[in-house]
Every structure is written in C-alpha cells, then in structure tokens.
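Topology and contacts: notes
Each chain, letter by letter, is given below.
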Amino acid sequence: QVQLVESGGGLVQAGGSLRLSCAASGRTSSLYAMAWFRQAPGKEREFVACISRSGSTSVHADSVKGRFTISRDNARNTVYLQMNSVKPDDTAVYYCAANVAIGPLRIGSNDYAYWGQGTQVTVSS
C-alpha cells in the first residue's frame, strides 16, 4: 500500500504563487508516474499535470501550461506543484495521485491507483 499526503494549500491572491507538496509513504518503490488533479465545486475532477518516475518527462494541462510546474524528488518521495500567476479559476481542491503501472504518462484519473485526501487552494480576486 501507498499513502499520499498533500500540503501547502491555502488562500492566495490572484497573480500570486503557491507550492503544493505530496509526500508518499509505504511501498514507494512501486510508484511510477505521479500526478496532480483538481476539483472545483460543482465540477468534475480534472487533470492538472503528471510526471514520469525519473522526472525527465512531464505533461501539463493547457489551462495551467506556462504557470504551473510539476516536479519530484525521489530521494524524499515527494512530488511538487509550483503554482505561479494563479487565477480565481484555479480555486479547487488539489489531489495528488500515483500510478503503479509501467508505461507512457496518462492523464485520466482512472489510470491512477492511489490518491491523497486533497488540499484546498483558494484564489481571491
């Protein structure tokens, strides 16, 4: 089993920055790709970004490209989401997810086996 715990959420003004962290514990050697998703009130969960096991490859959703950056530190079993130039539309609960399957990076929530409890990000205008 793998446990994921997110942190770093909070209230930030539009145009500001925030860094989310996701610490993995348990059978971390089984983890491959990791990702961030978000869910705003009344909306479906949506893909934000994902990163390969080595950290050499990443994919970002068009809505955050150029503003958000995903990274990981395997020595710390932690994945990050650096959020810059945030907008009110970025307000959501952000979830960390982990994949245990080898293969290309995937952006569907069904492709991820483990999930954190989520951290709230609120962007004020």
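Just so we're clear, the structure is a prediction, and the values are computed from it rather than from any experiment. (Residues numbered from 1 in each chain as written. Predicted model: local features only at pLDDT ≥ 70, side-chain atom pairs only at ≥ 80, totals over all residues. Heavy atoms only, no water.)

A full pass over the atoms with the stated rule returns 3 aromatic pairs. Seen in terms of ring centroids, phenylalanine 37 and phenylalanine 47 are 5.8 Å apart; in terms of plane orientation they differ by 75°. Their pairing is edge-to-face. Here phenylalanine 37 is found in strand S4 (residues 34-39), whereas its partner phenylalanine 47 is found in strand S5 (residues 46-51), with 10 residues between them in sequence. Given the relative accessible area of 1%, phenylalanine 37 is considered buried. Taken together, a centroid distance of 5.1 Å and an interplanar angle of 50° make the contact between phenylalanine 37 and tryptophan 115 tilted. Placement of the pair is phenylalanine 37 in strand S4 and tryptophan 115 in strand S10 (residues 114-115), with a sequence separation of 78 residues. On the basis of relative accessibility, which here comes to 27%, the residue tryptophan 115 falls in the partly exposed class. Joined through ring pairs, the aromatic side chains of Phe37, Phe47, Tyr112 and Trp115 make up one cluster. Residue placement shows arginine 45 over the ring face of tryptophan 115; its charged tip is 4.7 Å from the ring centre. Positioned above the aromatic ring of tyrosine 32, the side-chain terminus of arginine 53 is 4.6 Å from the ring centre. (Phe/Tyr/Trp six-rings, centres within 6.5 Å; stacked < 30°, edge-to-face > 60°. Helix = DSSP H or I, 4+ residues; strand = E, 2+ residues; numbered from the N terminus. Buried < 20%, exposed > 50% of the residue type's maximum accessible area, 1.4 Å probe, protein only. Lys NZ or Arg CZ within 6 Å of the ring centre and 35° of its normal.)

This paragraph deals with the pairing of S5. The buried fraction of S5 is high, at 5 of 6 residues. Here 5 bridges tie S4 to S5, and the two strands are oriented antiparallel to one another. By the bridge assignment for S5, phenylalanine 37 is matched with phenylalanine 47. Two successive antiparallel strands, S4 and S5, enclose a turn made up of 6 residues, where glycine 42 displays a positive phi of approximately 75°. The turn linking S5 back onto strand S6 (residues 58-60) is made up of 6 residues, and glycine 55 within it adopts a positive phi angle of 85°. (Pairing = 2+ DSSP bridges.)

Turning our attention to the state of the cysteines. For the structure shown, the criterion picks out 1 disulfide. Here cysteine 22 connects covalently by a disulfide to cysteine 96, the sulfurs 2.1 Å from one another. Judged by the torsion about the S-S bond (-80°), the cysteine 22/cysteine 96 disulfide is left-handed. Of this pair, cysteine 22 sits in strand S3 (residues 18-26) while cysteine 96 is found in strand S9 (residues 92-98), placing the two residues 74 residues apart along the sequence. Taking the relative accessible area as the measure of exposure, cysteine 22 reaches 0% and is therefore buried. (Disulfide = S-S within 2.5 Å.)

So far we have only geometry, and geometry alone does not tell us how the molecule works.
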